[in-house]
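Fold and geometry: a report
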Amino acid sequence: MNSRRGTLLLSIIIWSGFTQIWFFGIVLFALIAINHKVQWRWNIKTKQFYRITDFCIVLILIILSYGYVFNTVVNPIFTLLKLAPLWLAPILIAQLYSIRTLLPIGTLLYSMRKASSNEKQDIDFTLPFSIAALLSCASVNLQSPIFFITLCVILSYILWLERPGHVKNIMFLLIVSIATLFGHFSHNGLKQLSSYVQEIAIEWLTGSETNPFKTYTSIGQVGELKLSDKIVFRVKSDRPLLLHQASYNLYFNKEWHASETTFSPYIQQKISNKTKVKKIEIYQDFSSDIILALPDGPTIIKDLAPAQLSQSKMGAVKAVNLPSWAHYSITYTDIRLSEESKFDLKVPKQHLDWLNQVSKKLKLKQKSPVQIMKSIKAYFQSQYFYTLYTPKQVDADQALIKFMLKRKAGHCEYFAIASVFLLRYSGIPARLVNGFSVQEYDASSDLYIVRARHSHAWATAKVDDTWQALDATPSQWLQIEEQDSHIFQPISDWFSKLYFHFNQWRLSSNSDNKIFIFIGLILFSLYLLRLVDKNKQLATNNLTKIENMPFCTLLGEDSEYFIIDSFYRSEKQEELKLRQNNETLLNWVQNLDDPQLKEIIKLHNKLRFDPEGLTQEQRIALRERVTIWLDKKSKKGRGDNDKPI
Amino acid sequence: MASKLLLRQFYKVYRYSRWFRSHFTFMGHTLLIFLFVSAAFGVDTQATTSYQAFTFLLMLLILAFLNSFLIKLNISAKRHLPKYFTVGEQSHYRIKIRNKSKKYQNITIYEELQTYKITSSQINHWFGLYLLPWHKRVISFNLWRKFMAYKRGAEINKVQLLLLEEKKDESEVQVEFTPIRRGILEFKGFYIAIPDILGLYQKNIFIPLKQSCLILPRRFPVAPLKLEGNRKHQSGGVSLASSVGDSSEFLSLRDYRKGDPLNSVNWKSFARHGKLIVKEYQDEYFVRRALLLDTFLDESSNVLFESAVSVAASICMTQRQNDALLDLMFVGDKAHCFTSGRGIDHMPHIQEVLACVQPSSDSFETLQDAIMQHLPICSSLVCVLMSWDKKRQELVNKFQINNIPYAVFLIHDGSLKISEIENKPENFYLIDHNNLADDLGAV
């Protein structure tokens, strides 16, 4: 037990050192350190241990609610990990300062509360608490070997304390060394793997994030291209608009790339009073770093603290260290200015044939840039159809050629890329743009809703020194997308709206209101806990439980002699010899020289072992004799105490 | 079909959880939980360093698992199991183990009982789910697990053995257990769990050792019933009181008369006196009490039936009178009558019968017919019933018409009150199955 206490104290020091939570660390340290010096203990019953766990759950709820309501930290879940020793402390203290000295297993495992008695066992919580304290040091996120080394040393020591007796020390050391070595290599590998998977997952699985340097188009992919109905963000704007995320100017190996790949810190632009500016507001929740969807010519991005913004030369704005939810505003000029690059006019050779044909058909060579843009848009709007379905998987280039000359139906990427190539072929610098089309207006909240399926691609062309958007996709694309919406979309929208209003309130309301809501939340959680508990009680009452069946009672189990027995066991008087386990009552009483007790035991034996049992009179006699005997003994005890020393 | 699938899934969950519980030590479980916690927090390697803890914990657990292959054990064992135990009474028995391999420490021994296939109808009947509204007739995992434990028959504690000596003569372990149902308890063998070098993973070695014992029903003290029944003529005397025959109790010797059976001739007297002398027998009269056990569940639950068996067992134990016979009558697959007393049979045999009695699917009339045939030789009757419906009341009325003293024990679920019972006879006892000991003690 001493070594366990030592480990516990050490882990608390380490935890305090890592997290810098010294006050609580010192209090907990003192409580553990004086535990064996202090004699008093609580008589905590099993159900009271369970209530302590419930209290810990309330503590967890408080930490989480506080984090979310007051928006004090970016991710309250990690705060929960950091404060693990704090919310686990009541359980540890209850164990250390209880008569029981161990913890009923149901305290930690809810499922074991109703387990049969032989499955229920008492456990020592000190070592799990030590490991929890060590693990919570991980929340500090020291990306150095110090955490790993500390964890290996302390955990190995704990295992060494608990090792089976037949184990040789040299073997133990060898195994632990191998585990440390492999652990070290694998955590480095895991980190790399995690970064890789994160990158892939963002690009391929979610589809909601944008790589500012490279984009994989869905051109040529078989089947139906369908993005989810999930609401990505809400926009307050006076009109529908296109929000730009990233532009790509280099078409290489069937992929679009950005020729400028460096990011520099975002600088809010100063604009003259004469410049006409517009403003939109965006309500968005963030789970990781993203490329912001912005209107053309953003000048000031407000209320996105503590995020750090950086910008690429091609207009992509990256945000890191974002809050979990934000309501930010963007002031913009609606004029995109960016330097032209040598790639903005390049047309791939494999597409020259159809470009020549279409260009001749539309007589693009004879038109001004503005007219060219109009002609291209009108051509696609009138001659082409929007579809998400591609019947056969083919090469991206082949798919585009087929789209232009034969199929004349495709999704936004076909239209956007074809427009870019037609513009370039006509001598106008053009780029492919990825972003969102803000179209779905929600009158109830006076906001535009932007879903994942509103993710859009269009072309941008440099005309009159400004980059102007050319969205050639036929206008029915939004209706087609909407028709295919999921049957459960209204339900998910409702939840999303609820979450939106909660976050809006969280960010806007004053602190007094928040405190009341915070207290309300806690009380409601307590009520729910109570309700669940009560319901379970009701449910179990309806059924007859095996446990409730009475156990076998022995003949004479209610004999008054047992009061004497407990008296002997509780009063540790030296002259009262305790009966040995295998000694019969009669043998024992003969050595005591107590004729009254002998009579009591005779009656008791008759009650216990004679099938005829005791008569009513004999039973009364047994009761009376026991009372007299106990009175006599207690008087004698008091008399001894009254004697002058 | 759906319930069958559900029960199969329950069994899988049960097997997996049992595997985890038996293969990991307390420290192993602790590390396993922290492995999942560190994995959950370590998904984002940029946010915390708990992924470092995850890899170390994972390596420890993998190495612990691999180490367990190095454990080899060669032992022989013998279980010293008493013949009888009682439901709900904590008992113990011994296992003697001879270790022929190297010494091991901190090992755990746990018994493996026979497992039974469980059907949803069994659970429905046992917990009386069919009595609940349809939307509450859900077989939860908790119910399934309880019934499984009940079918297995006993809660056997794991035994922690600090040291299993190397090539020592014999080590003895005492296993404590509590039987939770009547009937035969079958042991398949036991497992010896030996922890690995790190003390995280345990290798479970199965030692087959098939054995069985009988679990008797619970018994409670009941004061002897004062039923004033006359002694009745018992055809065949004590020796054949419970069977068919023609023998009588010996009275004296007399001369042979025409028609006397040859087997009653006393050949020794014939040799001594030279004439045929026969043994004369006198028909016997003694008290014979019948104990009638109601085995027809109708709408009663199994718990009520178990209580009825307990009450019957308690009456058998405490109504012993040296000069009386006791007939236990009930219907199983057919009507049964077991007699004890006056040296015919021993009480443990009646208890054995009661340990194995099961609810009957036969009609109540079978019991009625059997008891009516038995009525002429009965001095008194004790009925243990589970409901007080018309047919049971009619049966009891017949006893009254035949002028046979009787007592009725009605087992109920706590919903009845003695004042509300109609047509109750003189010796009528209402026994609440939740309060058996007190209610029987108050008789």
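Here the structure is a predicted model, which means the values were calculated and not measured.

Scanning chain A from terminus to terminus reveals 19 helices and 23 strands. Per-residue burial over chain A gives 46% buried out of 645 residues. Taking contacts inside chain A between residues at least 6 apart in sequence as the whole, the part at least 24 apart equals 74%. When the accessible surface of chain A is summed, it comes to about 34,200 Å², and 58% of that surface belongs to carbon and sulfur atoms.

Considering all chains together, one arrives at 49 aromatic pairs over all chains under this definition. Centroid distance Trp15(A) to Phe24(A): 5.9 Å. Interplanar angle 85 degrees. Geometry classified as edge-to-face. Neither residue differs from the other here; Trp15(A) and Phe24(A) are each classed as buried. Consider the rings of Phe20(B) and Phe24(B), whose centres lie 5.8 Å apart with planes at 15 degrees: the pair is stacked. Judged by relative accessible area, which is 10%, Phe24(B) ranks as buried. The structure contains a cluster of three or more aromatic residues connected by ring pairs, namely Tyr379(A), Phe380(A), Tyr384(A), Phe403(A), Tyr414(A) and Phe415(A). Over the aromatic face of Phe263(A) sits the side chain of Lys318(A), whose NZ or CZ is 5.3 Å from the ring centroid.

Residues and elements named next belong to chain B. Spatially, the four strands line up as an open sheet ordered S1-S3-S7-S5, and their pairing is antiparallel. Edge positions in the open sheet fall to strand S1 (75-80) and strand S5 (154-156), since each of these has one partner strand only. If you compare each strand with its neighbour and ignore which way they point, the axes differ by 30 degrees on average. Looking at chain direction, S5 and strand S7 (residues 171-179) are connected through three bridges and run antiparallel. The residue bridging Ala-154 from the neighbouring strand is Pro-179, located in S7.

We now examine the pattern of salt bridges. Residues and elements named next belong to chain A. What the rule picks out here adds up to 22 salt bridges over all chains. Ionic pairing is found between Asp-493 and Arg-451, a salt bridge with its closest N-O pair at 2.7 Å. Residue Asp-493 is located in helix H14 (residues 489-508), and its partner Arg-451 is located in strand S21 (residues 447-451); the two are separated by 42 residues in the primary sequence. By the burial criterion, Asp-493 is buried, and Arg-451 matches it. In this structure, Glu-560 and Arg-619 form a salt bridge, with 3.3 Å as the shortest nitrogen-oxygen distance. Of the two residues, Glu-560 is situated in the loop between helix H15 (511-542) and helix H16 (561-570) and Arg-619 in helix H19 (residues 616-642); the sequence distance between them amounts to 59 residues.

Turning next to the nonpolar core. Formed by 76 residues in total, the largest nonpolar core has its most connected members in Trp87(A), Leu31(B), Leu60(B) and Leu200(B). Discounting residues that sit within four places of it in the chain, Leu60(B) has contacts with Leu155(A), Leu159(A), Ala179(A), Leu31(B), Leu198(B) and Leu200(B). Counting 46 residues, the second-largest nonpolar core is a separate cluster that includes Met314(A), Ile376(A), Tyr414(A) and Val420(A).

Residues and elements named next belong to chain B. For chain B, per-residue confidence averages 81 on the pLDDT scale, and residues scoring 70 or more make up 88% of the total. Ranking the elements of chain B by mean pLDDT puts strand S10 (residues 232-234) last with 53 and helix H3 (residues 50-67) first with 93. Predicted confidence for residues 240-247 stays below pLDDT 50, and this span has 15 contacts to residues more than four positions away or in other chains. Taken over the whole predicted complex, pTM reads 0.62, whereas the ipTM for its chain interfaces reads 0.71.

Chain A puts 68 residues into the contact, and the matching count from chain B is 67 residues. Taking both partners together, chain A and chain B bury about 5,900 Å²; carbon and sulfur atoms supply 70% of that area. Where chain A meets chain B, there are zero salt bridges. Contributions of two or more residues to the side of chain A that touches chain B are made by helix H4 (76-82), helix H6 (126-136), helix H7 (145-161) and helix H8 (169-206) of chain A. Per-element tally for the side of chain A that touches chain B: the top contributor is H8(A), with 16 residues. Split into classes, the residues belonging to the side of chain A that touches chain B amount to 38 nonpolar, 22 polar and eight charged.

This part takes up the packing of helix H2 (residues 26-42) of chain B against H3(B). The relative placement of two packed helices comes down to the angle between their axes together with the axis-to-axis distance. Residue and element names in this part refer to chain B. As a packed pair, H2 and H3 sit with axes 8 Å apart at the nearest point and diverge in direction by 145 degrees. Considering only the axes of H2 and H3, their crossing is left-handed. Contacts from Gly-28, Leu-31, Leu-32, Phe-34, Leu-35, Ser-38, Ala-39, Phe-41 and Gly-42 in H2 reach Ser-50, Tyr-51, Ala-53, Phe-54, Leu-57, Leu-58, Leu-60 and Leu-61 in H3. Among the residues forming the contact of H2 with H3, the class breakdown is 13 nonpolar, four polar and no charged.

Residue and element names in this part refer to chain A. The element strand S19 (residues 430-438) is extensively covered by neighbouring structure, given that nine of its nine residues are classed as buried. Two elements, strand S6 (residues 241-248) and S19, share seven bridges in a ladder whose sense is antiparallel. Paired with Ser-247 across the bridge in S19 is Val-433. Two elements, S19 and strand S22 (residues 455-463), share seven bridges in a ladder whose sense is antiparallel. Each bridged residue has a counterpart across the sheet, and for Gly-435 the counterpart in S22 is His-456.

This part is about the packing of helix H9 (residues 352-362) of chain A against helix H12 (residues 412-425) of chain A. Residue and element names in this part refer to chain A. Between H9 and H12, whose axes approach to 10 Å, the crossing angle comes to 75 degrees. Relative to H12, the element H9 is oriented roughly perpendicular. Together, Leu-352, Trp-354, Leu-355, Asn-356, Val-358 and Ser-359 of H9 and Ala-418, Phe-421, Leu-422 and Tyr-425 of H12 make up the contact between the two elements. For the contact of H9 with H12, the class distribution of residues is eight nonpolar, two polar and no charged.

The rules behind each value
- Residues numbered from 1 in each chain as written.
- Chains lettered and ligands numbered in written order.
- Predicted model: local features only at pLDDT ≥ 70, side-chain atom pairs only at ≥ 80, totals over all residues.
- Heavy atoms only, no water.
- Helix = DSSP H or I, 4+ residues; strand = E, 2+ residues; numbered from the N terminus.
- Buried < 20%, exposed > 50% of the residue type's maximum accessible area, 1.4 Å probe, protein only.
- Contact = heavy atoms within 4.5 Å.
- Areas by Shrake-Rupley, 256 points an atom, 1.4 Å probe, with all protein chains shown as cover.
- Phe/Tyr/Trp six-rings, centres within 6.5 Å; stacked < 30°, edge-to-face > 60°.
- Lys NZ or Arg CZ within 6 Å of the ring centre and 35° of its normal.
- Pairing = 2+ DSSP bridges.
- Axes fitted to C-alpha atoms, helices over the stretch in contact; angles between N-to-C directions.
- Salt bridge = Lys/Arg side-chain N within 4 Å of Asp/Glu carboxyl O.
- Core = buried A, V, L, I, M, F, W, Y, C linked by side-chain atoms within 4.5 Å.
- pLDDT = per-residue confidence, 0-100.
- Buried area = accessible area lost by both parts, 1.4 Å probe.
- Nonpolar A, V, L, I, M, F, W, Y, C, P; charged D, E, K, R; others polar.
- Left-handed = near helix turned anticlockwise from the far one by under 90°.
- Parallel < 35°, antiparallel > 145°, perpendicular 65-115°, else oblique.

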